[in-house]
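Here is what each chain is made of, one letter per residue.
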Amino acid sequence: MIKESTRAQENALESIVVAAGDYLLKKVKKGQSVRILDLEGNQAADTLFYKADDISERYSAMDTIREQGNVYLTAGSVLMSNLNNPMLEIVADTCGRHDTLGGACATESNTVRYSLEKRCMHACRDSWMLALAEHENIGLSKRDITHNINFFMNVPITPEGGLTFEDGISAAGKYVEMTALMDVYILLSNCPQLNNPCNGYNPTPVEVLIWNA
Ligand SMILES: [Zn+2]
């Protein structure tokens, strides 16, 4: 569902450009809103959320899908935790649909899907692991890297229930915006994938903007 935001970019508390292939790990407080802006278009932002004061509680794709009765995420979707608590709500969306089924790219999946020599190519899981290592104080470990959201990624379900990777439906200037319903860490990998159309074979930067309540 296309829904424009009422927030003006110039009133944002903070704005961070995340380069292609880079990550962002940041605390967002309850009541704050966070926008992910696709600056150049067709860019996937692979994202995880954790409850800030208890990182064992985190975003859960299956709880979110079951509670809303739909596999796609858009404005109105409430992102649920593994304890079935609402973590964030998508309050605006000019892209219209986001994936939470496809999972993130990894060197292992690149090897299986494409070829052995893709093993050394940069993948989202590497960016997340780097984020964890560079923020040891938060206490996240490899076992906390679970199912995620692929913002802006187009993974349509076939009538037979199959998953397909399709060319993106996002474009330059499209965004998705969420309001935090609890204090959360956002862990975003700006996807470096070059082997499928999720980034249009050309990874580009995204901008993350945060507003106070
Ligand atoms: Zn990726």
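Residues numbered from 1 in each chain as written. Predicted model: local features only at pLDDT ≥ 70, side-chain atom pairs only at ≥ 80, totals over all residues. Heavy atoms only, no water.

**Q** How would you sum up the pairing of strand E9 (residues 184-190)? Please name residues and give values.
**A** In terms of burial, E9 is largely enclosed, as seven of its seven residues are buried. Sheet topology note: the strand E2 (residues 23-28)/E9 ladder contains six bridges and is antiparallel. When the bridges of E9 are listed, Tyr 23 appears paired with Ser 189. Relative to E9, strand E4 (residues 45-51) is paired through seven bridges, and the arrangement is antiparallel. Paired with Lys 51 across the two strands is Val 184, which belongs to E9. (Buried < 20%, exposed > 50% of the residue type's maximum accessible area, 1.4 Å probe, protein only. Helix = DSSP H or I, 4+ residues; strand = E, 2+ residues; numbered from the N terminus. Pairing = 2+ DSSP bridges.)

**Q** Break down helix H3 (residues 124-134) for me, with residues and values.
**A** Side chains three or four residues apart in an α-helix point the same way, a direct result of the helix having 3.6 residues per turn. Of all the residues in H3, the buried ones are Cys 124, Ser 127, Trp 128, Ala 131 and Leu 132. Taken down its axis, H3 places every buried residue within 140° of arc, on the same side. On the buried face of H3, the contacting elements are E2, E4 and E9. (Arc of directions from axis to C-beta. Contact = heavy atoms within 4.5 Å.)

**Q** Tell me about the pattern of salt bridges, residues and numbers included.
**A** Overall, the coordinates contain six salt bridges when judged by the stated rule. The shortest N-O distance in the salt bridge between Glu 177 and Arg 7 comes to 2.7 Å. Taken together, the residues Glu 177 in strand E8 (residues 174-180) and Arg 7 in the segment before strand E1 (14-18) connect sequence positions 170 residues apart. Owing to a relative accessible area of 0%, Glu 177 belongs among the buried residues under this scheme. Of the residues examined, Arg 7 reaches a relative accessible area of 29% and is grouped as partly exposed. Between Glu 57 and Lys 51 there is a salt bridge, and its shortest N-O distance comes to 3.8 Å. For Glu 57, a relative accessible area of 3% gives the class buried. Several salt bridges converge on common partners, so that one network encompasses Arg 7, Arg 35 and Glu 177. (Salt bridge = Lys/Arg side-chain N within 4 Å of Asp/Glu carboxyl O.)

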